Amino acid sequence: MDLFQQVQLENSWKNALKEEFGKPYLPALFDFIKAEKAQGKTIYPPGSLIFNAFNSTTFEQVKVVILGQDPYHGQGQAHGLCFSVQYGVKPPPSLVNIYKELETDLGCKPPNHGNLQDWANQGVFLLNAILTVQANQAASHQNKGWENFTDAAIEALSEKRSNLVFMLWGKFAMQKAEKIDHTKHLILQAPHPSPFSAHTGFLGCKHFSKANEYLIRNGVEPISWQLKDKGLF
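Residues numbered from 1 in each chain as written. Predicted model: local features only at pLDDT ≥ 70, side-chain atom pairs only at ≥ 80, totals over all residues. Heavy atoms only, no water.

A. Spatial organisation of the overall build of the chain. On a plain count of helices and strands, the chain comes out with nine helices and six strands. Taking 17 Å as the expected radius of gyration for a compact globule of 233 residues, we find that the chain reaches 17 Å, a close match to that expectation. Overall, the chain is about 50 × 40 × 30 Å in size when its C-alpha atoms are taken along their principal axes. Residue pairs at least 24 apart in sequence account for 68% of intrachain contacts in the chain once pairs closer than 6 positions are excluded. Summing over all exposed atoms, the chain offers an accessible surface of approximately 10,800 Å²; the carbon and sulfur share of this is 49%. Side-chain charges in the chain split into 22 positive and 21 negative, and the spacing between the mean points of these groups amounts to 3 Å. (Helix = DSSP H or I, 4+ residues; strand = E, 2+ residues; numbered from the N terminus. Rg over C-alpha atoms; globule rule 2.2 N^0.38 Å. Contact = heavy atoms within 4.5 Å. Areas by Shrake-Rupley, 256 points an atom, 1.4 Å probe, with all protein chains shown as cover. Lys, Arg positive; Asp, Glu negative; His and termini not counted. Charge placed at Lys NZ, Arg CZ, Asp CG, Glu CD.)

Shown next, in the form of structure tokens:
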């Protein structure tokens, strides 16, 4: 069975990214991950959740793209959606600042969890540029091939869709702006929500209300950004 058939990727994304499966970097990337596991290294997120962003939001469903860098590397955190953590895991500092901005911008009360799956279900494509990481080793899978794949996803959305909102937070994400057609889409840029930079322009950026205003203007149903409490901690 070839890689195209093996990878558990939602069909609309498989079709959009079909050409990537014919390029040598992808099997080399998967061989690298297999070798890491064979050496006893723990890789996050679990294999079934590596493509969670793609499998949660089909190519046609995407309304908003939020771009992260690589998955959280702590135990039980990463589940394939950028800035999001699994239920029962305390929201990390960057997500706490995202919640602060949401409350200031739209009056959304911070939920008692850090799981952003509800956004993904509504059309928010929560994409990390790098889809895997070694436990406790930030950016350990950088420059192994994931960036080629996720860049292709960004370019496909830019080319084949219209009136999307791209939220690019921090220098790393902002570098992706050149891959997006600004005549067809709204590009919102701000400093990263990390505690190190959030106060330099992320807090107060009003990206969430700006995104919804743009979607409404273009006849697209806006995102309900308010996340419900789960009562888990």
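The structure having been displayed, the exposition proceeds.
B. Inspection of the pairing of strand β2 (residues 64–68) at higher detail. When you tally the buried positions in β2, you get five out of five residues, the bulk of the element. The sheet contact formed by β2 and strand β3 (residues 124–128) spans five bridges and is parallel. Residue valine 64 lies in a different strand from β3, and its bridge partner there is valine 124. Sheet analysis places β2 next to strand β5 (residues 165–169), joined by four bridges and oriented parallel. Opposite valine 64, over in β5, you have valine 165 as the bridge partner. (Buried < 20%, exposed > 50% of the residue type's maximum accessible area, 1.4 Å probe, protein only. Pairing = 2+ DSSP bridges.)

C. Examining the sheet that holds strand β6 (residues 186–190) more closely. Across the sheet, which stays open at both edges, the four strands sit in the order β3-β2-β5-β6 with parallel pairing between neighbours. What marks the edges here is a single partner per strand, and that holds for β3 and β6. Along the sheet, successive strands turn relative to each other by an average axial angle of 20°, direction set aside. Across the face of the sheet, helix α7 (residues 146–160) comes into contact with β2, β3 and β5 while running at roughly 150° to β3. (Axes fitted to C-alpha atoms, helices over the stretch in contact; angles between N-to-C directions.)

D. Highlighting the side chain of aspartate 105. Looking at the secondary structure, you find aspartate 105 in helix α5 (residues 93–106). Here aspartate 105 occupies a buried position and makes no salt bridge, while the nearest side chain of opposite charge, lysine 206, is found at 4.4 Å. Among the polar contacts made by the side chain of aspartate 105, one reaches the main-chain amide nitrogen of phenylalanine 208 at a distance of 3.3 Å. Contacts of aspartate 105, omitting those with residues within four sequence positions, involve Lys206, His207, Phe208 and Ser209. (Salt bridge = Lys/Arg side-chain N within 4 Å of Asp/Glu carboxyl O. Polar contact = N/O pair within 3.5 Å; in protein donor to acceptor, adjacent residues only side chain to side chain.)

E. Spatial organisation of the packing of helix α3 (residues 25–38) against α7. Between α3 and α7, the least distance of the axes is 9 Å, while the angle of their chain directions is 130°. One element, α3, and the other, α7, form an angle in the oblique class. Where α3 approaches α7, its residues Tyr25, Leu26, Leu29, Phe30 and Ile33 are matched on the opposing element by Trp146, Asn148 and Phe149. Here the contact of α3 with α7 is built from residues that sort into seven nonpolar, one polar and no charged. (Parallel < 35°, antiparallel > 145°, perpendicular 65-115°, else oblique. Nonpolar A, V, L, I, M, F, W, Y, C, P; charged D, E, K, R; others polar.)

F. Quick peek at the environment of valine 62. By the element assignment, valine 62 lies in the loop between α4 (52–56) and β2. Using a relative accessible area of 0% as the deciding quantity, one classes valine 62 as buried. A sequence separation of 102 residues divides valine 62 from leucine 164, and the C-alpha atoms of the two residues are 7.5 Å apart. In this structure valine 62 touches Trp13, Thr57, Gly123, Phe125, Leu157, Arg161 and Leu164, once residues within four positions along its chain are discounted.

G. Quick look at the pattern of salt bridges. Applying the stated rule across the entire model yields six salt bridges. Between lysine 41 and glutamate 36 there is a salt bridge, with its nearest N and O atoms 3.0 Å apart. The salt bridge involving lysine 176 is made with aspartate 151; its shortest N-O contact spans 2.7 Å. Placement of lysine 176 in the loop between α8 (171–174) and β6 and of aspartate 151 in helix α7 is noted, with a sequence separation of 25 residues between them. Of the two residues examined, lysine 176 and aspartate 151, each falls in the buried class.

Function cannot be inferred from these measures alone, as they are strictly geometric.
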